[in-house]
Amino acid sequence: MTTAKERTDMLHSVGLDVQNGATIGRVLGTGNIEQATERADGTMEATVRIEPDEIAWDPSILILPHGGDLELTLINDDFNTHCALLPSNGDRKFIWLVNHSKGKAKLNLDGPGYYWFSSPTGNDEGRGLTGAIVVLGEVPPEARLDRPDQPRP
């Protein structure tokens, strides 16, 4: 097991902390992890950004304490145009992010699990512009599989 500092140093030493270093792009999970904040009305909010010449979301993993509505601010500080294809119940959301721009998306992620987002323009995904939203919580009883109890060791 490595500490955050050791992980950062190791990624730097092998060239994984820069675009087109030791790999074509970053590996999901090598970026920052943050938790969304919750407003009094239960809506969660967070900001993700693309730093100049990094081709990575920051944070690359966003954690929601429970399912519900999320207001996500996306900032493109890069010198290139990107976009965001985001998960949301009912339909995905798409936001075009020209260089040095900002956009907002209202998402609804009502169940626990992993939800992926990316920039599918050009080869952004292949170069590392992929992230995850992790929704914590339990599956509600009405969504659970109706099956007999399974034997336990």
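Here's what I pulled together on the structure shown here. Just so we're clear, the structure is a prediction, and the values are computed from it rather than from any experiment. (Residues numbered from 1 in each chain as written. Predicted model: local features only at pLDDT ≥ 70, side-chain atom pairs only at ≥ 80, totals over all residues. Heavy atoms only, no water.)

1. Re the environment of Ser-119
In step 1: Structurally, Ser-119 can be placed in the loop between strand 10 (113–118) and strand 11 (130–135).
In step 2: C-alpha separation for the pair Ser-119 and Thr-81, spaced 38 residues apart in sequence, amounts to 9.9 Å.
In step 3: Ser-119 has contacts with Trp-57, His-82, Cys-83, Asp-124, Glu-125 and Leu-129, leaving out every residue within four places of it along the chain. (Helix = DSSP H or I, 4+ residues; strand = E, 2+ residues; numbered from the N terminus. Contact = heavy atoms within 4.5 Å.)

2. Considering a nonpolar patch on the surface
In step 1: Taken together, the side chains of Phe-94, Trp-96 and Val-98 make up a nonpolar region of the molecular surface, amounting to roughly 320 Å² of accessible area.
In step 2: Structurally, the position occupied by Val-98 is in the loop between strand 8 (93–97) and strand 9 (101–109). (Patch = residues over 30% accessible without salt bridge, like charges linked within 9 Å, V, L, I, M, F, W, Y side chains within 5 Å. Areas by Shrake-Rupley, 256 points an atom, 1.4 Å probe, with all protein chains shown as cover. Salt bridge = Lys/Arg side-chain N within 4 Å of Asp/Glu carboxyl O.)

3. Details of the pairing of strand 6 (residues 68–76)
In step 1: With respect to burial, strand 6 is a largely interior element, seven of its nine residues being buried.
In step 2: One ladder, built from seven bridges, connects strand 3 (residues 44–50) with strand 6; its direction is parallel. Looking at strand 6, one finds that Ile-50 is bridged to Asn-76.
In step 3: Both strand 6 and strand 9 contribute to a ladder of nine bridges, which runs antiparallel. Paired with Asp-69 across the bridge in strand 9 is Asn-108. (Buried < 20%, exposed > 50% of the residue type's maximum accessible area, 1.4 Å probe, protein only. Pairing = 2+ DSSP bridges.)

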